[in-house]
Structures are given as structure tokens and as C-alpha cells.
Amino acid sequence: MAPPATGGYIAGSGARFPAHGGRRSTPKPSVIPAMPAPRTLLDKIWDDHLVCSPDGEQPLIYIDRHLVHEVTSAQAFEGLRVAGRRVRRPEATFATPDHNIPTTDRRLPIADPISKQQIDTLRSNCREFDVRLFDLGDADQGIVHVIGPELGITQPGMTIVCGDSHTATHGALGALAFGIGTSEVEHVLATQTLRQSKPKSFEVRVEGELHPGVTAKDLVLYLIGRLTTEGGTGYVIEYTGPCIRRLGMEERMTVCNMSIEAGARAGMIAPDQITFDYLRGRDLVPKDFDRAVAQWATLPSDPGARYDRSETFSGGDVVPQVTWGTNPAQVVGVDATVPDPASMADPSDRSSASRALEYMGLESGTPIAAIPIDRVFIGSCTNSRIEDLRAAASVVRGHTVSSRVRAMVVPGSGRVKRQAEAEGLDRVFTAAGFEWREAGCSMCLGMNPDTLAPGERCASTSNRNFEGRQGKGGRTHLVSPAMAAAAAVAGHFTDIRQWHYH
Amino acid sequence: MQPFTTHTGNVAPLDRANVDTDQIIPKQFLKRIERTGFGQFLFFDWRFLPDGSADPAFELNQPIRQGASILLARRNFGCGSSREHAPWALDDYGFRAVIAPTFADIFFNNCFQNGMLPVKLDEADVDELFRRAAAAEAAGHPYRLTVDLRACEVRDDAGFTRSFAVDPFRRHCLLEGLDNIGLSLKHVDAIAAWEDAHGLGPLQGGAPPQGGAIG
């Protein structure tokens, strides 16, 4: 597999391994070569991207794609300017504003002068350093983790980084993707590499299948509840097993997206026909797509490949999930009650839970389905894709949002918004009383004007229920899009498995 | 980058697990485009009451902990968002080291980029430090520790000494205050060789044409 003659770089596909590509000076074996050890998906991508491993230093790995947004990049570009450095590969770098932008009419000026300055800074940095920007008003603008896969920037076998912890999302397509800090953003801009020790591998295998009404969001919340918020620290999670294989592309993104909530910087799913079908025809995929597919098809972990750790779960055990606390591992099924901290064995869990219940204004023993809500947010890099909006719309159709609830849908990108409008989903939502907004991160982190007031309780399809995440004093419960939609109608949490669909 | 060699200072105990970066520096302060000036917003929602006054109940607001430069916390410190504003805020407030049983990966990395040392000690040792800090404060004086990166050791002046592990390369960079990018650019030939081997060819610069594959 020699590199194609012109312009055929299969985008760091990870498929030209040293054993076949002959581009590394591997010593010639003097005896019959041993069978190569079976490798995991992570091993293959890692081996292919290792630039050098100098004595006494952390290895340098090559970065295929660098995604940039307004909040964590300004100081990195400023660092380049001060040092007189350039962006090594502007054509591998893509920027979009998403975190702090308003989701109201895009023709209006941004009212917050500091937000505006941050966006203007991103614009001028992209101009100065020749980085492609999907700006506000661009038809393809959106949440960076939504537009990456959607535009075909994200591809199997790639290394992808972004100054955002939910970069794990892109692992759903079989990439090694993780969040980095601003100093590392600067490092990648300047060198197209990252200093990185090889992470350990963690196979999270899910057998069986999900019951009707149970979604990828419920699955990942369930897994985080069992793995704990730090169970994945130091690892890259590879999700395997029949239950994962059955998930569609958007659902896989939801699962990988929240790997970081279990402490794992990256989550990944080996590419298969679902992945290839999703990518075919997207804007920035390789021109010779079939050839790329042939290479991507070599990426899945070899039979017998060893993981540093493996755990197995059953998809059939998962029921619709609702978080009750202030971290995503504080989660139970919708049919359960708010837990009692006194029943927890670990003293640190106990004190965390007590604090969380106080913050959340909840009492132990309260049925989850009896908790009334004030706000609903359907959006975020976890759950703002077209499949998410379809699921929510199918619940809402023919119903009306409860008079006690203010509900909002924020599509993940301009494309998602247009697709939803073409399918009439926007009218389903607005007819029921939802607000229909422009693309952005919005109330997932409330950097823009979309926030909770103190004490307000929100059913949210986002990824973090930390104290104050959606607004100081706000109370966040993480749920699936269908569960959020049902809660908007009912005015309280309700088991989607018993929903009356029109 | 400021080097870190040995630091002696007062300890601020923060007896909480899973302290996330949203608490360390809430989102409303991430709009600044500088690296400095974040200390005033550190733990903002915990530190200040709605009227803007300091919350006397918050751990770091205890008078005895003013001027502390070593933060002592429980497991999974720095989880959540990748925002480097978190170590920037801790540093700007005056912290030079954080001691906890475990740290979230991205926060842990970000500390090393900013001359700040995250120290992992066993849970039992962290318990002991909390006990010693409480005893010192009950006796009316702050608890002092030395964090020694040369010796890879944490010690007080009453017999507590524990060594800690740290990646040798990161230790070297921190001791010397090295510019990571400058160090990596010494390997620019290896980077170019990787690019050649992957058919990237000479750098074109600029953005790819709309709708085109990346060549």
C-alpha cells in the first residue's frame, strides 16, 4: 500500500501500518518473522501516528485534525504571535464559534461586548493564520463536535484534538479524539503534534440490545453510573459488543461524547458499514472513497488483541436514566427513587451525595417521576443531531408543553437545523410550545444568554449536571431527548416506555 | 514557563471529591482572551454570596487559610471541562501545588503546562494531611508543607514525609521551566519525515476549497 501519487492522502487513516507500508526503517528479520501481535484499534492508530519517541522524553504523536473554537484558542494564537510561530498545517485546522454565541436571530448584533470580542478575536486569528472558519452566518456553522463528523472532517483512524473535553465524540467514527488545554492547542498549532504518553486501553463491552424507549444516552449514563466519574481516568475506552454495533452513527457519538464524564479522555468505536455509510458523500472525505473504506476496514481491533482492562455490561439491564445529583455518575432509572446518602458505603460518596441533594433541593425517597421541572433543554454536542431531534419530535407530536415549563430546542448545526425544518420538525416543536433556536452550545454550559435562573430545575439532554453549569443555582437533570420531550409535556419526569405517541 | 523546584507554603484544605473545573472557574469568566487575571474569579460561585460578599462558610475564605499556596483536595480533582483557565485561576490566586489522591487527566496535563505541580498521594496519606491540617488550624496556626520536586517528596516539619511519582520528562520540564513547543520543534525533521511518509507533501497553507477533499 504505497501512498497514492497525488492528493490521495487518506487523511491519516491509520491504515498504512509499518508492517505493510515499508516506510519505517524496521530491521529486516533474519529468521522467519513471528506472527505480529494482535492489536487494538487504539494500538493501530497510536502506532501509525507515533512521530518519534526520543530518549527521556514523552513521545510525539501526529495530529491529523485540529478543531478550534472561540473560548480556548485566543491565548494559543497569541502565544504563536509572541513567539513568531506559524500554524504548521492550516489546512488540517478548522474553526467555528459555538460556545458563547447567542442562539437568537443571527442578524442581530451580539449584545455582550466580551462575547463579541472573543468571536472577533477568533475571526482575526483565522484570517491571520489562514485557518478555515465556519463563521456565524455560515450555513455550516455549528457545535464543533457536530460539524466535524457532519462535514467529513472526522474520519476513521485519525487523531483529532480540540480544546474541549467533549472531543471524545469523534471517536464514534473510529478516530482517536480527545480534549486538550490551551497550551496544548498552541503546541498542536505550531507543531501539528502532541506530547503524549500512550494511554491504557479499556474495553467496555455491551452485550444484548436496548429495550424500546431506551437510548444511547440512557446507556452511557448507566455506564457512567457504574464506572464512576473517575473509572476511566488514564484510559481510552473502546466500546464493543453487539449492543454497540446496533447503534446508529448519531447514537455512537452520544456514547463516545460522554466518555469524559467517566474520566476517559477518549472513547472509540471501531468503524463498520454504518460508519462508512454515514461518511459517504460528505464534503471533506477522501476523493477515492472506496479506497479509503478498504483501509478503514483494517482498523478494528484484531481477534485476541489485549486490553489493559475489560468490563462487560448488558444492554438489556438499562432503563431510561435520570441524574439526581451534581455529577453524571449520580444517576438512577426513571422508575427509581432519589437515593439515601446514608445507604452509601464510601464516606466520600456519602458526603458528595448529601451535598448534591442539598444543592438539587431533593429529598431521599422521592420517586424520580414525581420531580416537577421548570425548563427543558434539548441540544448540546451530546444530543442535538437530527436523530435526537426526530426522537424528541415524535414524543412531542400532538402534545403541548406543560404550562409550568419553558422548553427550548437548539439544533447542533446549521445543517441539522435545515434538515429538521425540511422534515417539519421545527413546526412540531413550535406548535407544542417549544422555542426553536439557532445552532450553538447554548444552555449546555450557559456561556451565552441561555441560562437557568437560581433554583430552576431543568431536564436537559446535555452532558454535565455540575453545580451552576447551566446557570448559578440552576438544577440540571441529564436525560435522553425523548425523556426530555416527555418531561416538557408532563411537567415532571415520566417513563418514556409508557408514553402515548400520537 | 515558571519553573517549579521546591515550594514551602501554607495548606488550604478543601475536603471535597470530584471538584470540577466549572467550580474552579465558572463559565461566565471564560470570555477573557488573556491568560492572566483569573484569580479573582477562582471558585467564584462557592466563594461569594449573591450580594458579592465572601461566603464565610467556604473553606478558602477561612482567615487562617489566607495566603495559602498549596491546595489539598479529595479524589478526581479537576474533572470535567478541559478549560486551562482552571490552573490559570489557581495560579493567579496564589496556588503553586495541588495535592489529591487522583486528578482528572486533562487538568493534570494543564497544570504541567503552567509551572504548577499536581501531586498524587495515596488516599490514606491525603487523609493524614487533612488530619494534620485540622490539628494545626485548631491550634491556631496554618499547616505548612514543603513540596519538593527535586526529591519528589512532600514533607512537613513534624515528621510527615512521603515520596510521590512523577513522569521524568514532565519533572525535567518543570524543574527547568522549559518551553514545550521549543523542545518539540527540535524534532521538526521527524515531523516532516512523518508527513512525507504519509503523502502529505509540501505544505500548501490556506484552507481547502469549499467542498473539496483535503489533499
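Above this text is the structure in question.
These remarks concern the structure in this document. (Residues numbered from 1 in each chain as written. Chains lettered and ligands numbered in written order. Predicted model: local features only at pLDDT ≥ 70, side-chain atom pairs only at ≥ 80, totals over all residues. Heavy atoms only, no water.)

This part takes up the overall build of chain B. The secondary structure content of chain B amounts to 8 helices and 7 strands. If you line up chain B on its principal axes, its C-alpha atoms span 70 × 45 × 25 Å. Residue burial in chain B is summarised as follows: out of 215 residues, 60% are buried. In chain B, the proportion of contacts linking residues at least 24 apart, taken out of those at least 6 apart, comes to 67%. (Helix = DSSP H or I, 4+ residues; strand = E, 2+ residues; numbered from the N terminus. Buried < 20%, exposed > 50% of the residue type's maximum accessible area, 1.4 Å probe, protein only. Contact = heavy atoms within 4.5 Å.)

Further remarks concern the layout of surface pockets. Size it by volume and the second largest pocket reaches roughly 550 Å³. Every element with two or more residues in the lining of the second largest pocket is listed here: α12 (347-360) of chain A together with α2 (44-47) of chain B. With 3 residues, α12(A) is the single largest residue contributor to the lining of the second largest pocket. Looking at the lining of the second largest pocket residue by residue, the classes come out as 8 nonpolar, 4 polar and 9 charged. (1 Å grid on protein atoms, 1.4 Å probe; cavity = no way out; pocket = protein on both sides within 12 Å on 5 of 7 lines; lining within 4 Å. Points joined across faces, edges and corners; volume = space filled by probe spheres on them. Nonpolar A, V, L, I, M, F, W, Y, C, P; charged D, E, K, R; others polar.)

This part is about empty space enclosed by the protein. This model, assessed by the stated rule, comprises 3 cavities of 30 Å³ or more. Put simply, the largest cavity is a space of about 200 Å³. Considering the residues around the largest cavity, the lining is formed by 24 residues, among which A:His99, A:Asp164, A:His166, A:Leu445 and A:Arg469 are closest to the centre. The residue makeup of the lining of the largest cavity, split by class, is 8 nonpolar, 11 polar and 5 charged. Lining the second largest cavity are 16 residues; nearest its centre among them are A:Ile260, A:Gly263, B:Cys79, B:Gly80 and B:Ala104.

The subject of this paragraph is the environment of A:Ala370. Locating A:Ala370 in the fold gives a position in the loop between α12 and β15 (375-378). For A:Ala370, a relative accessible area of 46% translates into the label partly exposed.

Side chains on a regular strand alternate between the two faces of the sheet. Residue and element names in this part refer to chain A. Side chains Arg65 and Leu67 of strand β3 (residues 65-68) all project onto a buried face; the interleaved residues His66 and Val68 project onto the opposite face, where all are buried too. Where β3 meets strand β6 (residues 159-162), 3 bridges bridge the pair, whose relative direction is parallel. From the neighbouring strand, Arg65 faces β6, where its bridge partner is Ile160. Following the backbone out of β3, through helix α3 (residues 74-83) and into the adjacent parallel strand β4 (residues 93-95), one traces a crossover that is right-handed. (Pairing = 2+ DSSP bridges. Right-handed = clockwise from strand over helix to strand, strands pointing away.)

What follows is about the nonpolar core. Core analysis: the biggest nonpolar cluster contains 111 residues, and A:Phe434, B:Phe43, B:Phe77 and B:Leu90 have the highest contact counts within it. If one sorts the elements of this core by residue count, helix α16 (residues 481-490) of chain A sits on top with 8 residues. Once residues within four sequence positions are removed from consideration, B:Phe77 is found in contact with B:Leu14, B:Val19, B:Ile24, B:Phe43, B:Leu71, B:Leu90, B:Val98, B:Ala100, B:Thr102, B:Phe103, B:Ala104 and B:Phe107. Core analysis: the next-biggest nonpolar cluster, separate from the first, contains 73 residues, A:Val185, A:Leu194, A:Met268 and A:Phe289 among them. (Core = buried A, V, L, I, M, F, W, Y, C linked by side-chain atoms within 4.5 Å.)

The next point concerns the side chain of B:Asn110. With respect to the helices and strands, B:Asn110 occurs in helix α4 (residues 105-112). Given the relative accessible area of 1%, B:Asn110 is considered buried. Within polar-contact distance, the side chain of B:Asn110 engages the backbone oxygen of B:Ser82 at 3.0 Å. Apart from residues no more than four positions distant in its own chain, B:Asn110 is found in contact with A:Gly181, A:Glu184, B:Ser82, B:Arg83, B:Glu84 and B:Pro87. (Polar contact = N/O pair within 3.5 Å; in protein donor to acceptor, adjacent residues only side chain to side chain.)

What follows concerns the interface of chain B and chain A. Listed as interface residues are 68 residues of chain B and, on the opposing side, 86 residues of chain A. For the pairing of chain B and chain A, the buried interface totals around 6,500 Å² over both sides, and the portion due to carbon and sulfur atoms is 53%. The interface formed by chain B and chain A includes 8 salt bridges. For B:Asp179, the salt bridge identified is with A:Arg85, shortest N-O distance 3.0 Å. Across the chain B-chain A interface, the total number found is 35 residue pairs in polar contact (both at pLDDT 80 or more). The element that contributes the greatest number of residues to the side of chain B that touches chain A is helix α8 (residues 188-197) of chain B, accounting for 7 residues. (Buried area = accessible area lost by both parts, 1.4 Å probe. Salt bridge = Lys/Arg side-chain N within 4 Å of Asp/Glu carboxyl O.)

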